[in-house]
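One-letter residues, chain by chain:
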Amino acid sequence: MLRDITVLDLATVGPAARASRWLADYGAKVVKVSSTHRSQIVPPFYAYSAHRGMERVELDLSTPDGVEQFMGLVETADVVIESFRPGVMAKMGIGYDAVKARNPRIVFCSTTGYGQDGPRAQWAGHDLNYLAVGGFLDCSGRGPDGRPPIPGATVADSAGGGMNAVMGILAALVRRGTTGVGAWLDVAAADGVLALMALQVDEHLATGVVPGPGHGILTGRYACYGVYGCSDGKWLTVAAIEPKFWANLCRAVGLEKWIDTQLDDAVQDEIRSDLETAFRTRPRDEWCEELAPADTCVAPVLSVTEVVSDEQFNARHAFVWANDDKHGEFRQVGWVLAGSGVDA
């Protein structure tokens, strides 16, 4: 889909690296540009799908020759992605204005934690910080001491930053196709988290209500939406929001008495207790084999080990093989986003 698009990626980790990974999966030619004079994080060999299908070039961007070599690449490129703090690229002589002067059609994507302006623009940060300031952590479930949890995935880097960048880049390329003009995209991971939190934030802005853990149906207020333990110590999820799915679940586990009280706050503790007792009578997989196909919105909590052998993901060819000179052959996540891999 993006076979004729060339991307220059100056990042090694974080949202920008995720964005270039997905652009490559859509067929773009991605050139990883490493600066020999700057200390950069070197991710593990398997990270970001081991930079599958990408090219590499090393330049000394601290010298005029290195800058000129980079500008030579810019002249035939379509996209530049970078993740330096605001102002650093300009100091290096390869900021948007300089790049645009050499290629007015360039789509220049700057990915940062907090954006190019504002009081936090120069703050250092990582995924957990952006989830914190965007309200994500505060609305998540709490441990016994009330501490917000550390999520099991880098949601801000991927959904808040990387996917945000990819959407912006693709939109800019579409516009360029009709206007011939490039763009400078200011992608902030924290802004992306705010977008993900729009349901809760918009409710607060419209009504004054303060959302939090257990506030609404999607954050655990009701027993029909939660995680339950089974007899083998494993867990399953219940997300029976619609009344018909809730009714199906209640009948299947012998709790018909709760069908008509799904959203009755006065009895949620009792319903939750009865569900916990019921699910503790059998192993997770037995429950899921019975309930999942029965329109109950039940699914297992899978470990990573289970995920990579999961029949659904493997039926959809979610994993591919890669090879590393030092580490040999290994499996990795393949082209899993809609339409990716078509001509990669």
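The following paragraphs examine the structure supplied in this document. (Residues numbered from 1 in each chain as written. Predicted model: local features only at pLDDT ≥ 70, side-chain atom pairs only at ≥ 80, totals over all residues. Heavy atoms only, no water.)

### Observations regarding the overall build of the chain
Working step 1: Check the secondary structure of the chain and you find 13 helices and eleven strands.
Working step 2: With respect to the principal axes defined by its C-alpha atoms, the chain has extents near 75 × 50 × 40 Å.
Working step 3: Here the contacts in the chain between residues at least 6 apart in sequence split such that 63% fall between residues at least 24 apart.
Working step 4: Just so you have it, the chain exposes about 18,100 Å², and 55% of that area is on carbon and sulfur atoms. (Helix = DSSP H or I, 4+ residues; strand = E, 2+ residues; numbered from the N terminus. Contact = heavy atoms within 4.5 Å. Areas by Shrake-Rupley, 256 points an atom, 1.4 Å probe, with all protein chains shown as cover.)

### Points about the nonpolar core
Working step 1: Counting 25 residues, the largest nonpolar core has V7, L23, V79, I81, I169 and L185 as the members making the most contacts within it.
Working step 2: Broken down by secondary-structure element, the contributors of at least two residues to this core are α1 (14-25), β4 (79-82), β5 (107-112), α6 (155-179) and β6 (183-188).
Working step 3: For I81, the contacting residues outside a window of four places in its chain are V7, L8, D9, L10, A11, A16, A19, S20, L23, C109, T111 and I169.
Working step 4: Among the nonpolar cores identified, the runner-up in size contains 24 residues, and W246, L255, V267 and I271 belong to it. (Core = buried A, V, L, I, M, F, W, Y, C linked by side-chain atoms within 4.5 Å. Buried < 20%, exposed > 50% of the residue type's maximum accessible area, 1.4 Å probe, protein only.)

### Details of α1
Working step 1: Here α1 is twelve residues long and its end C-alpha atoms lie 17 Å apart, about the 16 Å a rise of 1.5 Å per residue gives.
Working step 2: Of all twelve residues in α1, eleven are buried, a share of seventy percent or more.
Working step 3: Within the span of α1, buried status applies to G14, P15, A16, A17, A19, S20, R21, W22, L23, A24 and D25.
Working step 4: For α1, the elements touching its buried residues are β1 (6-9), β2 (29-35), β4, β5 and α6.
Working step 5: Once α1 ends, the next one or two residues include G27, with phi positive near 105°. (Expected span 1.5 Å × (residues − 1).)

### Looking at the packing of aromatic side chains
For any pair of aromatic rings, the description consists of the separation of the ring centres together with the inter-plane angle of the planes.
Working step 1: The tally for this structure, following the rule as stated, stands at nine aromatic pairs.
Working step 2: Geometrically, the ring pair formed by Y228 and F279 is tilted, given 5.5 Å between the ring centres and 45° between the ring planes. Taken together, the residues span a long stretch of sequence, with Y228 in strand β7 (residues 225-229) and F279 in helix α10 (residues 268-279) at a distance of 51 residues. Accessibility assignment for this pair places Y228 and F279 in one class, buried.
Working step 3: A centroid spacing of 5.3 Å and a plane angle of 80° characterise the contact between F279 and W287, whose relative ring orientation is edge-to-face. For the pair F279 and W287, a shared accessibility class is recorded, and that class is buried.
Working step 4: Through successive ring pairs, a cluster of aromatic residues spans F45, Y46 and F330.
Working step 5: Above the ring of W335, the side-chain terminus of R52 is found at 4.8 Å from the ring centroid.
Working step 6: Taking NZ or CZ as reference, R282 lies 4.4 Å from the ring centre of W287, over its face. (Phe/Tyr/Trp six-rings, centres within 6.5 Å; stacked < 30°, edge-to-face > 60°. Lys NZ or Arg CZ within 6 Å of the ring centre and 35° of its normal.)

### Some remarks on the pairing of β4
One face of the sheet, then the other: side chains in a regular strand alternate in exactly this way.
Working step 1: Of the two faces of β4, both are covered, the one formed by V79 and I81 as well as the one formed by V80 and E82.
Working step 2: Alignment of β1 against β4, held across three bridges, turns out to be parallel. Bridge pairing links D9 to I81 in β4.
Working step 3: Pairing of β4 with β5, which is carried by four bridges, proceeds in the parallel orientation. Counted as the bridge partner of I81 is C109 from β5. (Pairing = 2+ DSSP bridges.)

### Structural notes on the packing of α6 against helix α7 (residues 189-196)
For any two helices packed against each other, the geometry is given by the interaxial angle and the distance between the axes.
Working step 1: Across the interface, α6 lies against α7 with an axial gap of 8 Å and an inter-helix angle of 100°. Our classification of the angle between α6 and α7 gives roughly perpendicular. Where α6 approaches α7, its residues V155, A156, A159, G160, G161 and N164 are matched on the opposing element by A189, G192, V193 and L196.
Working step 2: Here the contact of α6 with α7 is composed, by residue class, of six nonpolar, four polar and no charged. (Axes fitted to C-alpha atoms, helices over the stretch in contact; angles between N-to-C directions. Parallel < 35°, antiparallel > 145°, perpendicular 65-115°, else oblique. Nonpolar A, V, L, I, M, F, W, Y, C, P; charged D, E, K, R; others polar.)

### Describing the packing of α1 against α6
Working step 1: In contact at an axis separation of 8 Å, α1 and α6 are set at 50° when each is read in the N-to-C sense. Looking at the two axes, α1 sits oblique to α6. Seen along the crossing, α1 lies across α6 with a hand that is right-handed. Residues G14, P15, R18, A19, W22 and L23 of α1 lie in contact with α6, whose contacting residues are D157, S158, G161, G162, M163, A165, V166, I169 and L170. (Left-handed = near helix turned anticlockwise from the far one by under 90°.)

### Digging into the state of the cysteines
Every disulfide links exactly two cysteines, by a covalent bond between their sulfur atoms.
Working step 1: Evaluation of the coordinates by the stated rule reveals zero disulfides.
Working step 2: Here C224 stays unpaired: no disulfide links it, and the sulfur of C250, its closest cysteine neighbor, is 9.0 Å away.
Working step 3: Here C297 stays free of any disulfide, with the sulfur of C224 as its closest cysteine sulfur at 9.7 Å.
Working step 4: On the basis of relative accessibility, which here comes to 30%, the residue C297 falls in the partly exposed class. (Disulfide = S-S within 2.5 Å.)

### Here's the deal with the sheet that holds β2
Working step 1: One open sheet accounts for six strands, arranged β3-β2-β1-β4-β5-β6; its pairing is parallel. With partners counted over all chains shown, the strands left at the sheet margins are β3 (55-59) and β6, one partner each. Adjacent strand axes in the sheet meet at a mean angle of 20°, parallel and antiparallel pairs treated alike.
Working step 2: Here α1 sits on the sheet in contact with β1, β2, β4 and β5, set at roughly 150° to β4.
Working step 3: Running at roughly 165° to β6, α6 makes contact with β4, β5 and β6 of the sheet.

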